[in-house]
Amino acid sequence: MPSPTREDTAAGSRRTDDGGSESRGRETRGDGRDLVCALEMELTNHSLSNKMDCVSCDDLLNRNCANSAEVSVPLSSMGKRATHMEGDDLCRLIDRKFLIEDKKRLCALALGTALVGILLMIIHAEICPYVYEPGSKVSLVINCSISLSTGCLLILIIAFHYKDIRLFIIDHKEVDWRIAITSHRVLVITLELLVCVIHPVGSYWEVDLYANSSSAAPLCISSHHDKALLDMELLLSMLMFLRLYLVHRAILLHSKVLLSASYRSIGSLNNINFTFRFVLKVLMNKHPARTLLVFILLFWLTASWMLTLCERRTEALATGRMDTALWLIAITFLTVGYGDVAPETSCGKGVCLFTGVMGVACTAMLVAIVTEKLALNKGEKHVHFFMMDSQISKRIRHAAANVLRECWLLHRANLAKGRRDEHRRHQRCLLEAIRVFRHLRLKQRKLRDYVSEMVDLPK
């Protein structure tokens, strides 16, 4: 058996060294992999604990107990546990969804409470002369109900803005709540609270003995108060209609435009703010006649009752009746003004002035809607212009034939030397045929230019 050479010994030692280095490398990689796995487990446990804290702080588990396992242990697209940042984003999205639902619910409750208060105020003003007596419990019940609805409305407004501030904090990645309290927000909240707190104070009323019986529903007059307090009571009753500003907020929060994810995504890409103005434009574009008709009818009824309330204290009680007030509001809104009926009080004049301004604006929108409805669409315009162009082309051919005919008749008249009257007649006919031909060519050119502009406009 041959003895191993020096080269074989060296090669064996190198293989031994390579094997040792490979084993050490595998051990090192194994240690590194174990370290990475340990770090991943620690990060996952840390994110899990933070997520559970977030869920417990925001009462998420109490709201959605059935899906608590999904919320607490989110998975990524590769089947691994989500990181700390992904868990926080998921928590914020879920909280944001619940806050938006809470805002919708609070806004609907606030609008319903405001309408109930306005309805109670109207009942208070209408049945006052007939059922109220000194010491009557009916007035106390209605006045207490108005005050109670006002207090509930204030609580709902404060709760709504609290949810709005929490939504601002979530949208801006858990910033300090004091950052959301800007001067504009404080001013808006203060104005809303001042508007919603307005309501008639209420007192025990008795009908005056010298009230005119021709009035449909005379105003309650108290013998305990002077004219200034009565004017204040009347003003507070009318200012309660300012609570109807909640209608635009309810329309905004319950519109399909705001609830649609595709609308919000495309709008964010185009820097469009989803405000009430945008929602109103969408409504006027989709249902213009219906939206404007509903607004006009509700405005007529509201303004008519306010005018009736203002004019009940005058001697001339013509405008103190609901039918007469509705007629006056209608002719003022339509800017007709026959002059047969006119308001007597300053309050009634102010209501009619505001009605006239709103009538001008609504009339302009109504004219625009009717014009849009009567206008031809794109397909109808193409058909109409094509038929007009074909008719004008036919008339141009006839006009050109008339020009050639009159030229031939004029040439034949020139050959006959003795007939001057016929020569002048053919000259006049030739000039008229040339004028008609030029007029038709100009009309066809203008029509084709308009069609080309209409085609190039979408580009």
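Residues numbered from 1 in each chain as written. Predicted model: local features only at pLDDT ≥ 70, side-chain atom pairs only at ≥ 80, totals over all residues. Heavy atoms only, no water.

How should the layout of surface pockets be read in this particular structure?
Vacant regions in the atomic arrangement are exposed by a probe of water-molecule size rolled over the atoms. In this structure, the largest pocket encloses a volume near 1400 Å³. Lining the largest pocket are 37 residues, with Leu244, Val247, Phe295, Leu298 and Phe299 positioned closest to its centre. Secondary-structure elements contributing two or more residues to the lining of the largest pocket are α4 (84–131), α8 (227–239), α9 (246–253), α12 (276–286), α13 (288–311) and α15 (346–374). Ranked by the residues each element gives to the lining of the largest pocket, the list is headed by α13, at 10 residues. Here the residues of the lining of the largest pocket are counted per class, giving 31 nonpolar, five polar and one charged. Estimates place the volume of the second largest pocket at around 1100 Å³. As for the second largest pocket, its lining consists of 33 residues, of which Arg96, Lys103, Leu167, Leu253 and Leu258 are closest to the centre. Counting only elements with at least two residues in the lining of the second largest pocket, the list comes to α4, α5 (137–171), α7 (183–197), α9, α10 (256–259) and α11 (261–269). (1 Å grid on protein atoms, 1.4 Å probe; cavity = no way out; pocket = protein on both sides within 12 Å on 5 of 7 lines; lining within 4 Å. Points joined across faces, edges and corners; volume = space filled by probe spheres on them. Helix = DSSP H or I, 4+ residues; strand = E, 2+ residues; numbered from the N terminus. Nonpolar A, V, L, I, M, F, W, Y, C, P; charged D, E, K, R; others polar.)

Please clarify how the environment of Arg425 should be interpreted in this entry.
Looking at the element boundaries, Arg425 is found in helix α17 (residues 420–456). Expressed as a C-alpha distance, the spacing of Arg425 and Ala413, which sit 12 residues apart in the sequence, is 9.8 Å.

Explanation requested: the state of the cysteines in the structure shown.
Put plainly, two cysteines are in a disulfide when a covalent bond ties their sulfur atoms together. A full pass over the atoms with the stated rule returns one disulfide. Here Cys310 is linked by a disulfide to Cys347, with a sulfur-sulfur distance of 2.0 Å. With Cys310 in helix α13 and Cys347 in helix α15, this pair connects stretches of sequence that are 37 residues apart. In this structure Cys347 comes out as partly exposed when scored by relative accessible area, which is 26%. (Disulfide = S-S within 2.5 Å. Buried < 20%, exposed > 50% of the residue type's maximum accessible area, 1.4 Å probe, protein only.)

What exactly am I supposed to notice about the UniProt feature "transmembrane region" (unreviewed entry) in the chain here?
In this numbering, the UniProt entry assigns the feature "transmembrane region" (unreviewed entry) to residues 106–132, 138–162, 183–205, 228–246, 292–310, 322–339 and 351–371. Split by type, residues 138–162 is 100% helix and 0% strand. Its first and last C-alpha atoms lie 36 Å apart. The straight-line gap between the two end C-alpha atoms of residues 228–246 is 30 Å; of that span, 68% is helix and 0% is strand. (UniProt positions renumbered as here; feature names shortened; annotations may be inferred.)

Help me understand the packing of α5 against α9 in this model?
Between two packed helices, what matters for the description is the angle formed by their axes and the separation of those axes. Their axes nearest at 14 Å, the elements α5 and α9 cross at an angle of 45°. The angle between the axes of α5 and α9 places the two elements in the oblique class. Regarding α5 and α9, the two cross each other, and that crossing is left-handed. Between α5 and α9, the residues in contact are Leu153, Ile157, Phe160 and His161 and Leu246, Arg249 and Leu253, respectively. (Axes fitted to C-alpha atoms, helices over the stretch in contact; angles between N-to-C directions. Parallel < 35°, antiparallel > 145°, perpendicular 65-115°, else oblique. Left-handed = near helix turned anticlockwise from the far one by under 90°. Contact = heavy atoms within 4.5 Å.)

Please clarify how the packing of aromatic side chains should be interpreted in this entry.
To describe a pair of aromatic rings, you give the distance between the ring centres and the angle between the ring planes. Considering all chains together, one arrives at seven aromatic pairs under this definition. Residues Phe299 and Phe333 carry aromatic rings whose centres are separated by 5.9 Å and whose planes lie at 45° to one another, so their mutual orientation is tilted. You can see Phe299 sitting in helix α13 and its partner Phe333 sitting in helix α14 (residues 322–333), a full 34 residues away along the chain. When its relative accessible area of 13% is taken as the criterion, Phe299 is described as buried. The ring of Phe168 carries Arg185 above its face, with NZ or CZ at 5.7 Å from the centroid. (Phe/Tyr/Trp six-rings, centres within 6.5 Å; stacked < 30°, edge-to-face > 60°. Lys NZ or Arg CZ within 6 Å of the ring centre and 35° of its normal.)

Sorry if this is basic, but what is going on with the environment of Lys173 here?
With respect to the element layout, Lys173 can be found in the loop between α5 and α6 (177–180). Separated by 84 residues in the primary sequence, Lys173 and Asp89 have C-alpha atoms spaced 8.9 Å apart. Apart from the residues within four sequence positions on either side, Lys173 is in contact with Asp89 and Arg92.

How should the pattern of salt bridges be read in this particular structure?
Side chains carrying opposite charge are able to pair once their charged atoms draw close together. Applying the stated criterion across every chain, the model contains 11 salt bridges. In this structure, the salt-bridge partner of Asp389 is Arg448, at a minimum N-O distance of 3.0 Å. Of this pair, Asp389 sits in helix α16 (residues 378–415) while Arg448 sits in helix α17, and the two are 59 residues apart along the sequence. Residues Arg435 and Glu432 are paired through a salt bridge, measuring 2.6 Å at the closest nitrogen-oxygen approach. Separated by three residues within a single helix, Arg435 and Glu432 lie in helix α17, roughly one turn from each other. Ionic contacts of the salt-bridge type, sharing partners, join the residues Asp102, Arg105 and Lys163 into one network. (Salt bridge = Lys/Arg side-chain N within 4 Å of Asp/Glu carboxyl O.)

Got a minute to help me understand α14 in this structure?
Think of an α-helix as 3.6 residues a turn; residues three or four steps apart then line up on the same face. Here α14 spans 16 Å end to end across 12 residues, near enough to the 16 Å set by a 1.5 Å rise per residue. Along α14, the residues classified as buried are Thr324, Ala325, Leu328, Ile329, Ala330, Ile331, Thr332 and Phe333. On its buried face, α14 is in contact with α13 and α15. Among the residues trailing α14, Thr335 stands out with phi positive, at a value near 55°. (Expected span 1.5 Å × (residues − 1).)

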